[in-house]
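Understanding the architecture of this molecule
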Amino acid sequence: SPITLNIALDKPTGKISPHMWGVFFEDINLGSDGGIYAELVKNRSFEFDQPWMGWKKLENGPEGTYLLLNDSKRKGNKRYLRINNAANLKLGLQNEGFRGMGVKAGAAYEFSVQYQSAAKGMKIHVELLDQQNKVIGAAELPLEPVGSWSEATVKFPVNQTTDKAKLNVWFTGAGTLDVDMLSLFPIDTWKGRPKGLRKDMVQMLADMKPGFIRFPGGCIVEGKDLANRFQWKKTVGPITERELIINRWNTEFSHRLTPDYFQTFGLGFYEYFLLAEDIGASPVPILNCGMACQFNTAELVPLDELDTYVQDALDLIEFANGTTDTKWGKLRADMGHPEPFHLKMLGVGNENWGPQYIERLAVFKKALNEKHPEIKIIASSGTDPEGDRFDFLNDQLRAMNINIIDEHYYRPPSWFLSSANRYDNYTRNGVKIFAGEYASHTTRPNGPGKSTWEAALSEAAFMTGLERNGDVVEMASYAPLFGHVDGWQWSPDLIWVDNLQVYGTPSYQVQKLYATNKGTNIVPIKRDGEFVAGKDSLYASAVFDAAAQQLIVKVVNYNSKPMKVNLDVDSKKKPAATAEKITLANANLNLSNSIEEPLNIRPKQNTVTSKGKTIVETFEPYSLTLIKLTVK
Ligand code: AHR
């Protein structure tokens, strides 16, 4: 007999959270520096541990010609370069960029520099070179003699496209010149913001219409030690004063060593909030809870010394939501955003565990609940959904009535398929779930994996379970978000880039389809009275979109053969005669997208006809299909 799925449209079981289907941002795999943050110069302020990293001297003068000095009076970025050129020699530096610099023919770029003590007549001359050392763009920048640190800028066009350009900076004129923050940005950034973000990368996020954006990670929140934890206050204010740190992913724990990986914080907390606002996503910052990464040094802040950490959390709420007459609200306004950022949720700790985590979380919870009962607290239960550590934390977090539990799972496709019913019988006691990091890993534990169609389809099957249980699973995000093809530590990732291009993996296509079709109400969809979670390798969920008056059914056929299914809609409402159909399908589970073939796996649009209140549909082998039926 044919398979029939019964859809009880008039009996919704709950609401889909407006925050459903978001993105998880971490500066891993050159996600920020060398990625979405469009700065092209690596180590622009000579602050890396090895101050010449990324730079090469083009001409050598006598000893002392290029001197690195420290200005103890300056905040954050103390080191600068003094060029002593009494003999008026031809002197210059070359910057290699982040695995080269991506520049486009016809586009304009802005070079800027902080400088002081320029003698009259001094000039800077910049040149962009292609891989054959041909000049593809150049400009001259006269320097006015100034008494204190000042900025000079020049814009110039480029006449060739390459992802491996390098920048020469020549200094001419006799005398001494101090320089810092040598920087090159495209003019054409996201929303045209000066020194802003890479437009193509942000567009990929905006296209997903994410319900939230979590930032700044991940393990970088914890830091390998506490000195190198993420401290949001050091990432706001003038970028010239932001103190960089070594990136947590610049370590021996990386699958690939990237010794030049630092966080300059040009993309700091203000910019993260702005990004969230731009793409219509709720901001979800996560803060350190007083523990360094337990896979690393596991350094702990004594319980009675947590005040600074807790104060950081309280001040962050003021920075995001406070009025402009408060200290942190004023800083937000001074940076250009007097209106609040509407922060509603705050994470405390990432993948921390044991009683030490619970004790520290309790201190945060007390202070946050007292001062900001309106803010929902997210707490982490770690990465091992079958482990004792996970169970212990889940029990403890429930007992302390934490608002949202952040569960992570990096597991093989088989786990995602068999866990599509994970939340069907979950405790519903008010505590909500944030599936904060997940990805199907086809190759784990045997090394890095690729986001294949197999991985993506198993995630799609699992996500039917998240959607069916949207009353308890309020938020979900794939992780990590970005990978740079020439500099990554972790794979699979959702979106891959090189210095010029970007593509979405099959998993991205799945995430985007879910996020842009999330609906507003959960509609039960059953087969013989049971949820459709794997029987005959079929998985399904359904939602109603109140604004569009549309039923949206998602079906995963995880079979190598087509499957004929009747979708029976039980409703007093009248369905339209045709429905929209969107399919992601491929018989080859090993297929991936790539820079060369970015759309191997991409959605196909079609229509289907309904016979009364039934749609008879044959689902393609290995497919995710969305049926969107207007009902009035
Ligand atoms: O997503 C990569 C890493 O995986 C995150 O930094 C961490 O939270 C998890 O272990």
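In this text the structure is predicted, and so the values were computed from the model without any measurement.

Moving on, we get to the overall build of the chain. Of the regular secondary structure elements, the chain holds 10 helices and 36 strands. A compact globule built from 632 residues should have a C-alpha radius of gyration of about 26 Å, and the chain, at 27 Å, falls within 12% of that. Put simply, the chain has 632 residues, and 49% of those count as buried. The contacts of the chain with a sequence gap of at least 6 include a subset with a gap of at least 24, amounting to 77%.

Near the ligand, the surroundings consist of Glu 26, Ile 28, Gly 217, Gly 218, Cys 219, Asn 350, Glu 351, Thr 383, Glu 437, Ala 479, Pro 480 and Trp 490. A breakdown of the residues in the shell around the ligand according to their chemical character gives 5 nonpolar, 4 polar and 3 charged.

Next up on the list: the environment of Thr 614. Mapped onto the secondary structure, Thr 614 falls in strand β35 (residues 614–619). Residue classification places Thr 614 among the partly exposed residues on the basis of 14 C-beta atoms within 10 Å. Each C-alpha atom, one on Thr 614 and one on Val 179, is 71 Å from the other, the two residues being 435 residues apart in sequence. Excluding residues that lie within four positions of it along the chain, Thr 614 makes contacts with Asn 566, Leu 567 and Asp 568.

On to the sheet that holds strand β1 (residues 3–8), then. A sheet is described by the order of its strands in space; here 5 strands give the open sequence β29-β28-β1-β32-β35, paired in mixed fashion. The open sheet has two free edges, formed respectively by β29 (530–531) and β35, since each of these has just one partner strand. When β1 meets strand β32 (residues 563–570), the two strands line up parallel, connected through 6 bridges. Counterpart to Ile 7 in the pairing with β32 is Val 569.

Here we come to the environment of Leu 551. One can find Leu 551 in strand β31 (residues 550–557). Overall, Leu 551 belongs to the buried group, with 27 C-beta atoms counted inside 10 Å. Among all residues touching Leu 551, those that are not within four sequence positions of it are Ile 7, Leu 9, Val 523, Ala 542, Phe 544, Val 569, Leu 629 and Val 631.

Moving on to the nonpolar core. Counting residues in hydrophobic clusters, the biggest one holds 182 residues, and the most contacted among them are Ile 7, Ile 213, Ala 461, Leu 551 and Val 553. Of the residues forming this core, the biggest block, 9 residues, is contributed by helix α9 (residues 453–468).

Bringing the pairing of β32 into the picture now. Pairing analysis gives 6 bridges linking β32 to β35, with the strands arranged antiparallel. Looking at the pairing, Leu 567 lines up with Ile 615 of β35.

It is worth spelling out the domain arrangement of the chain at this point. The domains assigned to the chain are domain 1 (3–13 + 523–630), domain 2 (23–38 + 190–518) and domain 3 (55–186). The centre of domain 1, based on its C-alpha atoms, is set 30 Å off from the matching centre of domain 2. Taken together, the contact pairs 30 residues of domain 1 with 30 residues of domain 2. Among the elements that take part in the side of domain 1 that touches domain 2, strand β30 (residues 538–545) stands out by supplying 4 residues, more than any other.

Note on sheets: strands pair through backbone hydrogen bonds, and any given pair is parallel or antiparallel. With respect to topology, 8 strands assemble into an open sheet ordered β3-β15-β18-β19-β20-β21-β22-β23, the strand pairing being parallel. In this open sheet, the two strands that pair with only one neighbour each are β3 (23–24) and β23 (473–478). Contacting β22 (432–440) and β23, α9 runs over the sheet at an angle of about 170° to β22.

What follows covers the packing of helix α4 (residues 307–321) against helix α6 (residues 354–371). Running from amino to carboxyl end, α4 crosses α6 at an angle of 35°, the nearest separation of the two axes being 10 Å. When you trace α4 past α6, the crossing you get is right-handed. Contacts between α4 and α6 pair Val 310, Ala 313 and Leu 314 from the former with Val 363, Phe 364, Ala 367, Leu 368 and Lys 371 from the latter. Counted by class, the contact of α4 with α6 contains 7 nonpolar, no polar and 1 charged residues.

Before going further, it helps to examine α9. Helix length check: α9 (16 residues) gives 23 Å between terminal C-alpha atoms against 22 Å at 1.5 Å per residue, within 8%. Of all the 16 residues making up α9, 16 are buried; the element is thus mostly covered by neighbouring parts of the structure.

So, on to helix α1 (residues 199–208). Among the residues of α1, those classed as buried are Met 201, Val 202, Met 204, Leu 205 and Met 208. Projected down its long axis, α1 carries its buried residues within an arc of 150°, all on one side. Within two residues after α1, Lys 209 carries a phi angle of roughly 45°, on the positive side.

Cut-off values and rules
Residues numbered from 1 in each chain as written. Predicted model: local features only at pLDDT ≥ 70, side-chain atom pairs only at ≥ 80, totals over all residues. Helix = DSSP H or I, 4+ residues; strand = E, 2+ residues; numbered from the N terminus. Rg over C-alpha atoms; globule rule 2.2 N^0.38 Å. Buried ≥ 20, exposed ≤ 12 C-beta atoms within 10 Å, placed from the backbone. Contact = placed C-beta atoms within 7 Å. Near = placed C-beta within 6 Å. Nonpolar A, V, L, I, M, F, W, Y, C, P; charged D, E, K, R; others polar. Pairing = 2+ DSSP bridges. Core = buried A, V, L, I, M, F, W, Y, C linked by C-beta atoms within 7 Å. Domains from an automatic or database assignment. Axes fitted to C-alpha atoms, helices over the stretch in contact; angles between N-to-C directions. Left-handed = near helix turned anticlockwise from the far one by under 90°. Expected span 1.5 Å × (residues − 1). Arc of directions from axis to C-beta.

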